Each structure stands twice: as C-alpha cells, then as structure tokens.
Amino acid sequence: MTRSRLVTALLVLGVVALVALPLVLDGGTSEFAGSDSQATELLEAEGREPWFESVFTPSSASVESGLFALQAALGGGVLGYVLGRLRGRRPAERSPSERPREDGGA
Amino acid sequence: MHIAEGFLPATQAVGWTLAAAPFVVHGARQVVTEVRERPENTLLLGAAGAFTFVLSAVKLPSFTGSSSHPTGTGAGAVLFRPPVMALLGTIVLLFQALLLAHGGLTTLGANAFAMAVVGPWAGYGAYRLTRRLGGGLLPGVFAAMAVADLATYVTTAGQLALALPDAETGIPGAFVKFLSVFALTQVPLAVGEGLLGVLLFRVLTVNARPELERLGLLAPAPGSTR
C-alpha cells in the first residue's frame, strides 16, 4: 500500500511540475496566451475576417474566467460524486473475510 | 483546438459539420443503448463526461510560453469506446461555444471532428496497440490520453491549413505553421494529461473493478489482486 501511495504522490507531483515549471522557468516574460487565440491572431494577420459572430460573448475577462471555472466546477463536482459513490460502496459490497480491510487505519 | 467563430469558409464549415454529424448521432445512440442496457455503467459514463468537462475548461501553461487546453477524451474512449465520446465531446464544445465564446457554432463541426472524433479514435487506437504489445491497462491509458490530445491538435492544424493555405508554400506550409503554434505547446500538456488519466484509472481499478472487468479492460482476478 505504501508503494502505491508513493506512485500516486509521484504522479501528482509530475502533473504539477509540468504545469508549474513553465511558469517558474519563464521568469515572467511570457503572457501564456492561449494557443487558440494565437491561431486566431495568425488568421487575422493574413487578413481573414470572421463572417459570423459568437451568439454570446462574456462581457469581461473576469466573467469569462468565471464561466470557465463554472465548467470546471460542474465537471469536478460530477467526477467527485461518482468517485465518492464508487469508493463508498466498497466496504459494503465485500465481505470482511474475503479481504482484510485496507483503510481501517490506526 | 477551438477554431474561433466565423473563421472557417462557409463551405468548409458545412463540410466539417456534415463529416462530424454521423459520428455524433451514432455516439448519441450508443450512449442511449449503454444507459438502457447496462444502467450499472451510467455512473462511469458520467465520470468520463465529467473528466472531459474539467480538463477542457482548464488552460494550462506550457514550455512555449503559451497555454492550451487538454481534451480529456482518451479516458472515455478507453472505457466506452470512441463513439460515446463523439457525443460527450460535442456537448463540451457546444457549452463553450454558447456560453464562453470559445470555439463557435459555425466551427462546431470542425472542432467536434478534431476533439470528439479524431482524438478519441486515435487515443483508442493507441490503447489497443499498447495492450496488444503486452502493455498493461495503465500504460495503455497513458498512451490513449496523450495520443488523443495530440491527434486533436494536429487535426485542428490541418483544418486551419486547409482553410488558409500559405500564399507561397500552400497547404503543407500552412500546416507546419499551425502545427508550430499548437503541437509544441501541446506536447508537455499531452504528457500531463496522460499522467492524469493514469491517476484516474488507478482510482478506478481499486474502486470500480467490477465495472472495468465487465467492460473488458481488466481480466477477472480471483480474489485479491495484490
């Protein structure tokens, strides 16, 4: 179990490092603009004009990040609910004799 | 990988929509069948959709000094096969097009084709290949997540190149140009996404073992696994 915990910790650390290292190494010189908007700029630089406007555009950057946060919260909430339910049914389904309790702790 | 609203020529916008539509319709049927015939999997189906929802909401910084979204479609493709993700991915894109002005309705077809069709299928292919070569579930999931992510962005670069060939170098030149915007930024993110997928499946193998066995991802193990 301890080895399993170590692997989990290393995986989490790996993900965090992949995201954090660019921010640290960069030293604040880049703006980390989205690659989507970079592509759009490239299109606009070549004189391409959009022929259709978004039906709804968030009025400010703050509102936009709020809506992105809402999307993440919805997904995270559902994911947490499912994983919680899956985990919650574990001791109920398995008879104690079949397998020793592994998170009995203490 | 979101091509912004209104930037694809009308004919191509229609073309990509027609190309993506059958996959999405077929995916919707698969989701309905899955829920009706195997209601015990509904929970996991929700998890697959939710995973894509979270990951595609988060813009992550990358080593190129720009940022980009993961896609999260590989996990669902491994669990429920790619058609299901065609619907789930498109729902995510529709949400972003309508509420966030990210992507768009005219480019929904092209974006869905990249993220909800090509990505999941490429990821699923990588998963099957890994398993056939003797890799376990987790290496397979890592490959699926990373390849689904990269394939999505390569497809987007191709779509943009078709829409806007370079004046001198034509479509191949434009493809390289857009690849340099997307692909380089995406490589570290694809690795990160692969690690996240492995984390998710480590939780699932402990807590949802019966489901994974029923879905054919894990061989039924007699008694304890460790």
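Along each chain, residues carry numbers from 1 onward, in the same order as the chain's sequence is written. The order in which chains are written sets their letters, starting at A; the order in which ligands are written sets their numbers, starting at 1. Only residues with pLDDT of at least 70 are given local features in this predicted model, and only at 80 or more are side-chain atom pairs given and counted; all residues enter the totals for whole chains, interfaces and linings.

With that out of the way, let us pick up the overall build of chain B. Broken down by element type, chain B carries eight helices and two strands. Each radius of gyration reported is based on C-alpha atoms, and the globular scaling rule is 2.2 Å times the count of residues to the power 0.38. In summary, chain B has a C-alpha radius of gyration of 18 Å against a globular reference of 17 Å for 226 residues, a match within 12%. Each principal axis of the C-alpha distribution contributes one length, and for chain B these read about 65 × 35 × 30 Å. Exposed residues have 12 or fewer other C-beta atoms within 10 Å of their own C-beta, buried residues have 20 or more, and residues in between are partly exposed; the C-beta atoms are placed from the backbone. The buried share of chain B, reckoned over its 226 residues, is 59%. Per the convention used, a helix needs a DSSP run of H or I reaching at least four residues, while a strand needs a run of E reaching at least two, with both numbered from the N terminus.

Okay, the overall build of chain A next. Scanning chain A from terminus to terminus reveals four helices and one strand. In chain A, the succession of α and β elements from N to C terminus is α-β-α-α-α. For chain A, with 106 residues in total, the buried portion stands at 12%.

All names here are of chain B. Relative to the assigned elements, serine 180 resides in helix 7 (residues 170–207). Among the residues examined, serine 180 registers 13 C-beta atoms within 10 Å and is labelled partly exposed. For serine 180 and threonine 64, which are 116 residues apart along the polypeptide, the C-alpha to C-alpha distance reads 9.9 Å.

This part covers the nonpolar core. Residue and element names in this part refer to chain B. One finds Val141 and Ala144 to be the most contacted residues of the largest nonpolar core, which totals 90 residues. Take this core: its biggest share by element is 17 residues, from helix 6 (residues 137–163). If we ignore the near neighbours within four places in the chain, the residues touching valine 141 are Ala75, Val78, Tyr127, Gly197, Val198 and Phe201. A set of buried Ala, Val, Leu, Ile, Met, Phe, Trp, Tyr and Cys residues, joined to one another through C-beta atoms within 7 Å, is what we call a nonpolar core. For the purpose of contact definition, each residue receives a C-beta atom placed from its backbone, and two residues are in contact when these atoms lie within 7 Å.

Next up on the list: the packing of helix 5 (residues 108–132) of chain B against helix 6 of chain B. Residue and element names in this part refer to chain B. For the pair helix 5 and helix 6, the least separation of the axes is 7 Å and the interaxial angle reads 145°. Here helix 5 runs over helix 6; the crossing is right-handed. In the contact of helix 5 with helix 6, the residues fall into 18 nonpolar, eight polar and two charged. Here, axes are lines fitted to C-alpha atoms. For helices the fit covers the stretch in contact, and angles between N-to-C directions go from 0 to 180 degrees. With the far helix as reference, a near helix turned anticlockwise by less than a right angle produces a left-handed crossing, and one turned clockwise produces a right-handed crossing. When residues are sorted by character, Ala, Val, Leu, Ile, Met, Phe, Trp, Tyr, Cys and Pro go into the nonpolar class, Asp, Glu, Lys and Arg into the charged class, and all the rest, Gly among them, into the polar class.

Further remarks concern the interface of chain A and chain B. Taken together, the 49 residues of chain A in the interface contact 49 residues of chain B. Looking at the side of chain A that touches chain B, the elements with two or more residues in it are helix 1 (2–26), strand 1 (33–34), helix 2 (35–45) and helix 3 (61–88) of chain A. Class assignment for the residues of the side of chain A that touches chain B results in 27 nonpolar, 12 polar and 10 charged. The pairing of strand 1 of chain A with strand 2 (residues 66–68) of chain B spans two bridges and is classified as parallel. Bridging across to strand 2 of chain B, A:Ala33 finds its partner in B:Ser66. Two strands qualify as a pair provided DSSP detects at least 2 bridges between them.

Okay, the confidence of the model for chain B next. Residues and elements named next belong to chain B. Each residue carries a pLDDT score, the predictor's own confidence in it, on a scale running from 0 to 100. Across chain B, the average pLDDT comes to 92, with 98% of residues at 70 or higher. Across chain B, the element-wise mean pLDDT spans from 87 in strand 1 (residues 60–61) up to 97 in helix 5. Across the predicted assembly, pTM comes out at 0.89 and ipTM at 0.88.

What follows concerns helix 1 (residues 10–37) of chain B. All names here are of chain B. Helix length check: helix 1, at 28 residues, gives a terminal C-alpha distance of 40 Å against a target of 40 Å (1.5 Å per residue), a fit within 8%. Taken together, the buried positions of helix 1 are Ala13, Trp16, Ala20, Phe23, Val24, Gly27 and Val31. Tucked inside the fold, the buried residues of helix 1 contact helix 4 (82–99), helix 5 and helix 6. For a helix, the expected span equals 1.5 Å multiplied by the residue count minus one.

Taking 1.5 Å per residue, 38 residues should reach 56 Å; helix 7 of chain B reaches 52 Å between its end C-alpha atoms and fits that length. Two axes enter the bend calculation: one fitted to the seven residues ending at the residue in question, the other to the seven starting there, and the bend is the angle between them. At B:Val187, helix 7 of chain B shows its largest bend, some 40°, and a proline, B:Pro188, comes one to four positions later.

Attention shifts here to the environment of B:Asn111. All names here are of chain B. Residue placement: asparagine 111 occurs in helix 5. A residue is classified by how many C-beta atoms lie within 10 Å of it, and asparagine 111, with 30 of them, is buried. In contact with asparagine 111, not counting residues within four places along its chain, are Met1, His2, Ile3, Leu93 and Gly103.

One open sheet holds the three strands; their spatial order is 1(A)-2(B)-1(B), and the pairing between them is mixed. The sheet terminates laterally at strand 1 of chain A together with strand 1 of chain B, the two strands that pair on one side only. When strand 1 of chain B meets strand 2 of chain B, the two strands line up antiparallel, connected through two bridges. Looking across to strand 2 of chain B, one finds that B:Leu60 is bridged to B:Ser68.

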